[in-house]
Each structure stands twice: as structure tokens, then as C-alpha cells.
Amino acid sequence: MECYEKYPDSTVAFNLLSVPAGLAIGLIVLAPLGTWAWVGYLALWLLTMASVLAFACTRCYYYGKACGAAPFGKLAALLFKKRAEEEFGVATSHKATSILLLVSFPLPILGGIASLIVGFSLYRLFLFLVLIGLTAIGFVRRPRLCSHCKQAESGRCMMAPRKKE
């Protein structure tokens, strides 16, 4: 496994664009359920991203750099001090961040299903399919991103493929 010191700019740019695109589509999908749904999701998403930056990115090898997920390491370095890399994935705050990610990730998909049940329209179906497409692209790209990550090389990242002994 070849791990990148610096991810290719094209990878970083693609992922930098996919994060706000996914958020925007998720908010649009949730909007038909009411203001509470999209505002609540936006608040949870902002809390989750702040938690990722503060408790995951600060412990990551790519702190201060652009990683495969996006330039979160650079943003984290602007906002927070570096934490111990050996705590990546094992610190309680990092585990809480993982739980936030697991909770917030499926909400737009579940909201999209609810929106289609409450009031089916081709527009809602189209938005839901775009959201599913973005999600599928993320899942397809994840193994390739993670297989080049220094955190995977160290065995600290729970999302990365395990090293073969």
C-alpha cells in the first residue's frame, strides 16, 4: 500500500466540492418535511463537522495538510491545536465524533424516504436519486482514498482497509 504524504490536488478538489454539494442536496431533500427538519439537520451537521475538525483532524497525520477527504486538516490547523496522533480513533472525544457521523449521515436519506411517502413527486424522487448517487460515489471512492492514507498505514483508522500481514 502506497500512502500519500500529500493527496493529489484533483482528489482534494473533488472531495472539497462533494461535501457542500452533499449538504445542499441533503437540505433540499429535507426541506419538504418542514423548516425544523432542514434547520435541525444543518445544526447537527455543523456540530458534527466542528467535532470532526476538533477531535479527529487534530489527531490526524494530515493535520495542517489537505487529506483525501478534503482540506479539513488545513482548516483544523487554523482553528485548533494539534493533539496526539496516537489517540486517533481511540480517544473518547473521537469515538463520540464517530457516533455523531453515524447518526447524521443517514438522516437525509431517511428524510428523503419520508418525503416521498408524505407527498410523492418526480422532483422529490429526482432529488432523492441525486442524494443516493452522491452517497454511492462516496462509498465507491472510500476504499481508494483510505488505502492511500497514512492513518490506514498506522492501523488507527476504523474506516480504512486493514493492512494484510
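Residues numbered from 1 in each chain as written. Predicted model: local features only at pLDDT ≥ 70, side-chain atom pairs only at ≥ 80, totals over all residues. Heavy atoms only, no water.

1. Description of the overall build of the chain
Here is the rule we go by: Secondary structure elements are taken from DSSP: a helix is a run of H or I of four residues or more, a strand is a run of E of two residues or more, and numbering for both begins at the N terminus. Atoms counted for the radius of gyration: C-alpha only. Globule rule: 2.2 Å times the number of residues to the power 0.38. Whether a residue is buried, partly exposed or exposed follows from its accessible area with a 1.4 Å probe, protein chains only, as a fraction of its type maximum: under 20%, in between, or over 50%, in that order. Residues are treated as being in contact if the distance between any of their heavy atoms lies within 4.5 Å.
Looking only at helices and strands, one finds seven helices and zero strands in the chain. When the helices and strands of the chain are read in sequence order from the N terminus, they spell out α-α-α-α-α-α-α. Relative to the 2.2 N^0.38 estimate, which gives 15 Å for 165 residues, the radius of gyration of the chain is 17 Å and therefore close to what a compact globule would have. Once the C-alpha set of the chain is aligned to its principal axes, its extents read approximately 50 × 30 × 30 Å. Taking all 165 residues of the chain together, 38% fall into the buried category. When contacts within the chain are restricted to residue pairs at least 6 apart in sequence, those whose partners lie at least 24 apart make up 67%.

2. Overview of the pattern of salt bridges
Inclusion rule: Whenever a carboxyl oxygen of Asp or Glu lies within 4 Å of a side-chain nitrogen of Lys or Arg, that contact is scored as a salt bridge.
Following the criterion strictly, the structure yields four salt bridges and no others. Linking arginine 59 and glutamate 87 is a salt bridge whose minimum nitrogen-to-oxygen distance equals 3.1 Å. With arginine 59 in the loop between α2 (35–56) and α3 (72–79) and glutamate 87 in the loop between α3 and α4 (92–104), this residue pair connects regions lying 28 residues apart in the sequence. Residue classification places arginine 59 among the buried positions, given a relative accessible area of 4%. The class of glutamate 87 is partly exposed, set by a relative accessible area of 33%.

3. A few points about a nonpolar patch on the surface
To keep it simple, the criterion reads: Note that patches include only residues with greater than 30% relative accessible area and no salt bridge, and the join distances are 9 Å for like charges and 5 Å for nonpolar side chains (Val, Leu, Ile, Met, Phe, Trp, Tyr). Method for areas: the Shrake-Rupley scheme with a 1.4 Å probe, in which residue coverage is limited to the protein chains shown.
Judged by side-chain polarity, Ile99, Val103, Leu107, Leu110, Ile113 and Ile117 come together as a nonpolar surface patch covering roughly 550 Å² of accessible area. For the nonpolar patch, the elements supplying multiple residues, two or more each, are α4 and α5 (107–118). In terms of residue count, α5 provides more of the nonpolar patch than any other element does, four residues in total. Relative to the helices and strands, isoleucine 113 resides in helix α5.

4. Considerations on the nonpolar core
Filter applied, for reference: Put simply, a nonpolar core is a bunch of buried Ala, Val, Leu, Ile, Met, Phe, Trp, Tyr and Cys residues held in one set by side-chain atoms that sit within 4.5 Å of each other.
Residues Tyr41, Cys57 and Phe72 are the most contacted members of the largest nonpolar core, which totals 15 residues. Broken down by element, this core gets its largest block of residues, seven residues, from α2. Not counting chain neighbours up to four residues away, the residues in contact with cysteine 57 comprise Val52, Tyr63, Phe72 and Ala76. Listed in part, the 12 residues of the second largest apolar core include Val12, Tyr62, Phe88 and Cys157.

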